[in-house]
Amino acid sequence: AGRDGDALFALDRAIRLKSDFAQAHNNRGIARLRVGRRADAIASFERALALQPGYADAALNLAERCNEAGDAARAIELFGIVLAAQPAHVQAQTGRDFAQALAGDLPASIEALERITASAPGYAPAWQTLGAARNWAWQHDAAESAFRRALALDPRLDEAAFGVASTLLARGNYTDGWAAFEQRPDRGAESGAAFAALRVWDGRAFD
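This write-up is about the structure you can find in this document. (Residues numbered from 1 in each chain as written. Predicted model: local features only at pLDDT ≥ 70, side-chain atom pairs only at ≥ 80, totals over all residues. Heavy atoms only, no water.)

Here's the deal with the overall build of the protein chain
To keep it simple, the criterion reads: Strands are runs of DSSP state E lasting at least 2 residues, helices are runs of H or I lasting at least 4, and numbering of each runs from the N terminus. Buried means the residue's accessible area, taken with a 1.4 Å probe over protein chains only, is under 20% of the maximum for its type, while exposed means over 50%, and partly exposed covers the values in between. Only heavy atoms matter for contacts: two residues are in contact if any of them lie within 4.5 Å across the pair.
Helix and strand counts for the protein chain come out as eleven helices and zero strands. Along the chain direction, N to C, the helices and strands of the protein chain fall in the order α-α-α-α-α-α-α-α-α-α-α. When the backbone C-alpha atoms are referred to their principal axes, the protein chain occupies close to 65 × 45 × 25 Å. Buried positions account for 40% of the 207 residues belonging to the protein chain. If you take every contact in the protein chain between residues at least 6 apart in sequence, the share linking residues at least 24 apart comes to 39%.

See the structure below:
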């Protein structure tokens with residue numbers, strides 16, 4: 001319902017009442033993520049798994065955080081917990097195969113992701129992940145196709161939009177590449193308000 005603070009308050013209370021309630025720890029991890037407390041969220045997912053080692057939801061949540069941090073080995077281990085319980089779990093399959101790419105095994109990752117997109121062609125994150133792995137393997141044409149397929153399925157995938165731009169720039173198509181780069185939804189997000197009052201340079205010569 002978008003009431004993250006209320007959810008976190010209720011989950012904190014649930015854990016005070018029953019400290020070994022694994023689901024409450026997992027859900028508190030989700031709430032902590034939503035309010036920007038990433039380190040605390042990871043601790044919650046770890047606690048949920050310590051209480052219930054085969055807890056697939058907690059393993060999935062923690063594995064995704066490991067992928068974000070580049071900890072491929074731990075991510076693969078955690079996705080394995082999910083897939084042992086649910087072998088057809090497409091999100092876990094995609095995450096595991098992305099972790100393979102992070103670990104440097106691009107051919108195996110690409111082959112596995114191509115199988116996923118063939119079997120679940122409507123799952124946009126798999127196309128986005130395939131685009132990333134192909135891009136890292138310098139397969140820029142094929143990467144662009146995957147990124148564009150992801151965006152056709154879900155236009156909100158910012159990383160796929162960024163991926164399209166990166167594949168164009170990598171092939172020297174600077175006109176289209178920079179135009180695509182400027183369209184990414186996160187443009188300027190990291191700089192916050194620091195440059196909000198400044199005009200965006202359009203490439204023309206300075207005075």
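Next comes the rest of the account.
A word on the packing of aromatic side chains
Each aromatic ring pair is specified by the distance between its two centres and by the angle formed by the two planes. What counts, and what does not: Note on aromatic contacts: the rings of Phe and Tyr and the six-membered ring of Trp form a pair at centre separations within 6.5 Å, being stacked when their planes are under 30 degrees apart, edge-to-face when over 60 apart, and tilted otherwise.
This model, assessed by the stated rule, comprises three aromatic pairs. Both rings, one in F162 and one in F181, keep their centres 5.7 Å apart while their planes meet at 55°; by these two values the pair is tilted. Linking F162 in helix 10 (residues 158-170) with F181 in helix 11 (residues 174-182), this pair joins segments that are 19 residues apart in sequence. Ring geometry for W178 versus F181: centroids 5.5 Å apart, planes at 90°, classification edge-to-face. Placement of both W178 and F181 in helix 11 is noted, with a separation of three residues, approximately one turn of the helix. On the basis of relative accessible area, W178 is assigned to the partly exposed category, the value being 47%.

Comments concerning the layout of surface pockets
A water-sized probe, rolled over the atoms, reveals where empty space remains. Applicable threshold: Cavities and pockets were defined on a 1 Å grid built from protein atoms only: a cavity is a group of points that admits a 1.4 Å probe but offers it no way out, a pocket is an open group of points flanked by protein on both sides within 12 Å along at least five of seven lines, and a lining residue is one with an atom within 4 Å of any such point. Grid points are joined across faces, edges and corners, and a volume is the space filled by probe spheres set on the points. Any residue that is not Ala, Val, Leu, Ile, Met, Phe, Trp, Tyr, Cys, Pro, Asp, Glu, Lys or Arg is counted as polar, Gly included; the first ten are nonpolar and the last four charged.
In this structure, the largest pocket encloses a volume near 860 Å³. Along its surface, the largest pocket is lined by 26 residues, and E64, F98, Q128, T129 and E159 are the ones closest to its centre. Residue assignment for the lining of the largest pocket shows that the elements contributing at least two residues are helix 4 (56-69), helix 6 (90-102), helix 8 (124-136) and helix 10. Residue composition of the lining of the largest pocket, grouped by class: ten nonpolar, eleven polar and five charged.

Describing the nonpolar core
This is how the line gets drawn: In plain words, nonpolar cores are sets of buried Ala, Val, Leu, Ile, Met, Phe, Trp, Tyr and Cys residues tied together by side-chain atoms within 4.5 Å.
By size, the foremost hydrophobic cluster in this structure holds 22 residues, and its most contacted members are L130 and F147. At the level of secondary structure, the elements contributing two or more residues to this core comprise helix 7 (106-119), helix 8, helix 9 (140-153), helix 10 and helix 11. In terms of residue count, the dominant contributor to this core is helix 8 (six residues). Once residues lying within four places of it in the same chain are set aside, the contact partners of L130 are I110, L113, E114, T117 and A146.

A look at the side chain of H25
With respect to the secondary-structure elements, H25 resides in helix 2 (residues 22-34). Sequence-distant contacts of H25, defined by excluding residues within four places in its chain, comprise I15, S19, S44, R47, A48 and L51.

A short note on the pattern of salt bridges
Pairing is possible between side chains that carry opposite charge, provided their charged atoms lie close to one another. This is how it is decided: Salt bridge, as used here: a side-chain nitrogen of Lys or Arg that lies within 4 Å of a carboxyl oxygen of Asp or Glu.
Taken as a whole, this structure holds 16 salt bridges when the rule is applied. With its nearest N and O atoms 3.0 Å apart, the salt bridge here joins E68 to R65. Note that E68 and R65 are positioned in helix 4 at a spacing of three residues, about one turn of the helix. On the basis of relative accessible area, R65 is assigned to the buried category, the value being 11%. Each of the salt bridges in this network shares a partner with another, and the network as a whole consists of D141, E144, R148 and R171.

Remarks on helix 6
Owing to its 3.6 residues per turn, the α-helix aligns residues three or four sequence positions apart on the same side. Rules: Each helix should span, by expectation, one fewer than its residue count multiplied by 1.5 Å.
Compared with an ideal rise of 1.5 Å per residue, which puts 13 residues at 18 Å, helix 6 spans 18 Å between its outermost C-alpha atoms and is within 8% of the ideal. Residues of helix 6 that are buried include every one of A92, Q93, T94, G95, D97, A99 and A101, and no others. Where helix 6 is buried, its residues meet helix 4, helix 5 (72-85), helix 7 and helix 8.

Focus on the packing of helix 9 against helix 10
Stated formally: Whenever a helix is involved, its axis is fitted only over the stretch in contact; in every case the axis is a line through C-alpha atoms, and angles between N-to-C directions fall within 0 to 180 degrees. When describing relative orientation, an angle under 35 degrees is termed roughly parallel and one over 145 degrees roughly antiparallel, while 65 to 115 degrees is termed roughly perpendicular and anything else oblique. By convention, the crossing between two helices is left-handed when the near helix turns anticlockwise from the far helix through less than a right angle, and right-handed when the turn is clockwise.
It is at 9 Å that the axes of helix 9 and helix 10 come closest, and there the two elements cross at 155°. It follows from the interaxial angle that helix 9 and helix 10 lie roughly antiparallel. As helix 9 runs across helix 10, the sense of the crossing is left-handed. Residues H140, A143, E144, F147, R148, A150 and L151 of helix 9 lie in contact with helix 10, whose contacting residues are E159, A160, A161, G163, V164, T167, L168 and A170.

As for helix 3 (residues 38-51)
How we decide: The directions from the helix axis to the C-beta atoms are what the arc is built from.
Across its 14 residues, helix 3 extends 20 Å between first and last C-alpha, which sits within 8% of the 20 Å expected from 1.5 Å per residue. Every buried residue of helix 3 is listed here: A41, S44, F45, A48 and L49. Each buried residue of helix 3 lies within a common arc of 135° when the element is viewed along its axis, so the set occupies one face. Exposed positions of helix 3 whose direction lies more than 90 degrees from the buried face are A39 and A50.

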